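Structural overview
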Amino acid sequence: MRRKTENKDISAVSEEYRAFWFSFYDYDTYRAEYKKPDASNFKSYFNGVLKKGKNLGLNRIIVHVRPFGDALYKSEYFPWSSYISGTQGKDPGFDPLEIMVSSAHENGMKIEAWINPYRVTLNSADYGKLSKDNPARKWHEGKSTKRNVLSYGGSLYYNPSKKEVRELITSGVREIVENYDVDGIHMDDYFYPSFTKENVNTAFDAREYNESEGKRQGKDIYTYRCGQVNSLVRQIKETIRETDSSVVYGISPAGNFETLTSRYAYYVDIYRWLSSNAYVDYICPQIYWGFKHPTASFDRVTDQWIKACKKSPVKLYLGIGVYRAGHDEGDSLEEQKEWKSDADVLKNQVEYGRKKQVDGFAFFDYRDLAGKTAKKAVERLTEALKTESY
């Protein structure tokens, strides 16, 4: 692992932010392509990913490094991810993040490390399937730490209300920033799971809320849960600043304001995050709808975010859903037709964002940018990306 050799002033870079997400399942593609997964083959595969991104006019890659409380790098805190070695806890024999960082910079591209803060499993609540060195499994087996990990909806999550959890997640961020020359740390929208009107006051971390000082002060559970997320986000921001202030920190929340500010999910205190630079450097809402969506059209939602960020020191990037292009997607016949047949849909979204002077874009995700289904839309998108902005 390498430590930084120079202090980069990210704020001085005026280049438009044009990123793409490289998700955990893209590592599956690598393992499927190579019978002998090793450092050389992984570097060859990842260089192909970078070449594709650059050819599309992109300048930054956001790589998944902690999708399920695991790690795609040599971690002191989290087990090796099954997405790189095939089995959680098994050393793949090389360090993927070290290769990805060096390859990105060699190819003139910036790189951010993407983590899911609380998610441990998806569609499985079996602790026995976790590796023996997984902190979630260890905590579950300890009497005093059992509630550091919670089962809900058939999945496992770290408990946002626990200080030990915040320390673990923050320590994981610190080791990335200390040991790898990343340009940013990125989190997506996996905060609290979704509750219902019936269980919102009794499920998940309701026990911690009922025992909290906030409850005694009369704060409701919504305010309490927002506070837990705020504490983690601010702690991570402070840790990054103290470790290497040139590393940016951003979050990609749900795009729809009505959903994001629901009393039953996420618990993202978005207006607080946008009020100062104490929480994030950028926000990248996932605006994954077309212009023809009946209630959350791309232009309407984008305008909402622009208004919210108007006096904010936080940069606004638009998350764009390439995965919908060419597919029969949408919440109305008009939107389905737009995604399926309008090859200009992605290009139009970039041009709309530029007209409104947003700070950049991120595209979800690599598999769809490189695939056949969205090929025509991606070709037209590339025309826009390679055109001088503003």
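Residues numbered from 1 in each chain as written. Predicted model: local features only at pLDDT ≥ 70, side-chain atom pairs only at ≥ 80, totals over all residues. Heavy atoms only, no water.

Throughout the structure, instances matching the rule amount to 21 salt bridges. Put simply, Asp269 and Arg272 hold a salt bridge, and the shortest N to O gap is 3.0 Å. Judged by its relative accessible area of 21%, Asp269 is partly exposed. Bridged by salt links that share partners, the residues Glu16, Arg18 and Arg354 form one connected network. (Salt bridge = Lys/Arg side-chain N within 4 Å of Asp/Glu carboxyl O. Buried < 20%, exposed > 50% of the residue type's maximum accessible area, 1.4 Å probe, protein only.)

Another point: the pairing of strand 5 (residues 155–158). Here strand 5 shows a buried face lined by Ser155 and Tyr157 and a second buried face lined by Leu156 and Tyr158. Judged from the four bridges that link them, strand 4 (residues 149–152) and strand 5 form a sheet pairing that is antiparallel. Its bridge partner lying in strand 5, Ser151 is registered against Leu156. Joining the antiparallel neighbours strand 4 and strand 5 is a turn of two residues, in which Gly153 adopts a positive phi near 60°. (Helix = DSSP H or I, 4+ residues; strand = E, 2+ residues; numbered from the N terminus. Pairing = 2+ DSSP bridges.)

Turning to the environment of Arg272, a few remarks are in order. Its location among the elements puts Arg272 in helix 11 (residues 270–275). With a relative accessible area of 42%, Arg272 lands in the partly exposed category. A C-alpha to C-alpha distance of 8.6 Å links Arg272 and Asn230, two positions 42 residues apart in sequence. Those residues within four positions of Arg272 in sequence are excluded, and the remaining contacts are Asn230 and Tyr279. Side chain to side chain, Arg272 and Asp269 meet in a polar contact 3.0 Å long. (Contact = heavy atoms within 4.5 Å. Polar contact = N/O pair within 3.5 Å; in protein donor to acceptor, adjacent residues only side chain to side chain.)

Now for helix 16 (residues 375–385). Side chains of residues three or four places apart in an α-helix project in the same direction, reflecting 3.6 residues per turn. Buried within helix 16 are the following residues: Ala377, Val378, Leu381, Thr382, Ala384 and Leu385. Along the axis of helix 16, the buried positions cluster into a sector of 155°, meaning they face one direction only. Among the structural elements, strand 1 (17–22), helix 2 (39–55), helix 14 (345–355), strand 10 (360–364) and helix 15 (366–370) are those in contact with the buried residues of helix 16. (Arc of directions from axis to C-beta.)

Here, disulfide denotes a covalent bond that connects the sulfur atoms of two cysteines. Per the counting criterion, the structure on display carries zero disulfides. Among the cysteines around Cys309, which has no disulfide bond, Cys284 carries the closest sulfur, lying 11 Å off. On the accessibility criterion, Cys309 (9% relative accessible area) is buried. (Disulfide = S-S within 2.5 Å.)

Turning our attention to the environment of Asn47. As for its placement among the helices and strands, Asn47 is situated in helix 2. Between the C-alpha atoms of Asn47 and Ala343, which are 296 residues apart in sequence, the distance is 28 Å. In contact with Asn47, other than residues within four places in its own chain, are Ser103 and Asn107.

Residue Phe364 is joined to Asp365 through a cis peptide bond whose omega torsion reads -5°. Along the chain, Asp365 falls in the loop between strand 10 and helix 15. Phi at Asn123 takes a positive value of approximately 65°, unusual for a residue other than glycine. Its identity is not glycine, yet Phe204 carries a phi of approximately 60°, on the positive side. By the element assignment, Phe204 lies in the loop between strand 6 (184–187) and helix 7 (206–210).

Taken as a whole and judged by the stated rule, the model has 42 aromatic pairs. Seen from their ring centres, Tyr222 and Tyr267 are 5.7 Å apart, and the 50° between their planes marks the pair as tilted. Remark: Tyr267 occurs in the loop between helix 10 (257–260) and helix 11 and Tyr222 occurs in helix 9 (residues 221–243); sequence separation between them is 45 residues. The structure contains a cluster of three or more aromatic residues connected by ring pairs, namely Phe20, Phe22, Tyr27, Tyr30, Tyr34, Phe42, Tyr45, Phe46, Phe94 and Tyr366. Positioned above the aromatic ring of Phe68 is the side chain of Arg119, whose terminal nitrogen or guanidinium carbon lies 4.0 Å from the ring centre. (Phe/Tyr/Trp six-rings, centres within 6.5 Å; stacked < 30°, edge-to-face > 60°. Lys NZ or Arg CZ within 6 Å of the ring centre and 35° of its normal.)

Let us look at the sheet that holds strand 3 (residues 110–115). On the basis of which strands lie adjacent, the closed barrel formed by eight strands has the order 1-2-3-6-7-8-9-10 and parallel pairing. Judged from the four bridges that link them, strand 1 and strand 10 form a sheet pairing that is parallel. Bridge pairing links Phe20 to Phe363 in strand 10. Together, strand 6 and strand 7 (248–251) form the strand contacts of helix 9, whose direction differs from that of strand 7 by roughly 160°. (Axes fitted to C-alpha atoms, helices over the stretch in contact; angles between N-to-C directions.)

Turning next to the confidence of the model for the protein. When the pLDDT values of the protein are averaged, the result is 94; 96% of them are 70 or greater. Under a pLDDT of 50 for its full length, residues 1–13 has, in the predicted model, 35 contacts with residues more than four places off or in other chains. (pLDDT = per-residue confidence, 0-100.)

Right, let's talk about the pairing of strand 7 for a bit. Residues Val248 and Gly250 of strand 7 are buried on one face, and the alternating residues Tyr249 and Ile251, pointing to the opposite face, are buried as well. Sheet topology places strand 6 next to strand 7; four bridges connect them, and they run parallel. When the bridges of strand 7 are listed, His186 appears paired with Gly250. Taken together, the two bridges between strand 7 and strand 8 (residues 282–283) define a ladder with parallel strand orientation. Opposite Ile251, over in strand 8, you have Ile283 as the bridge partner.

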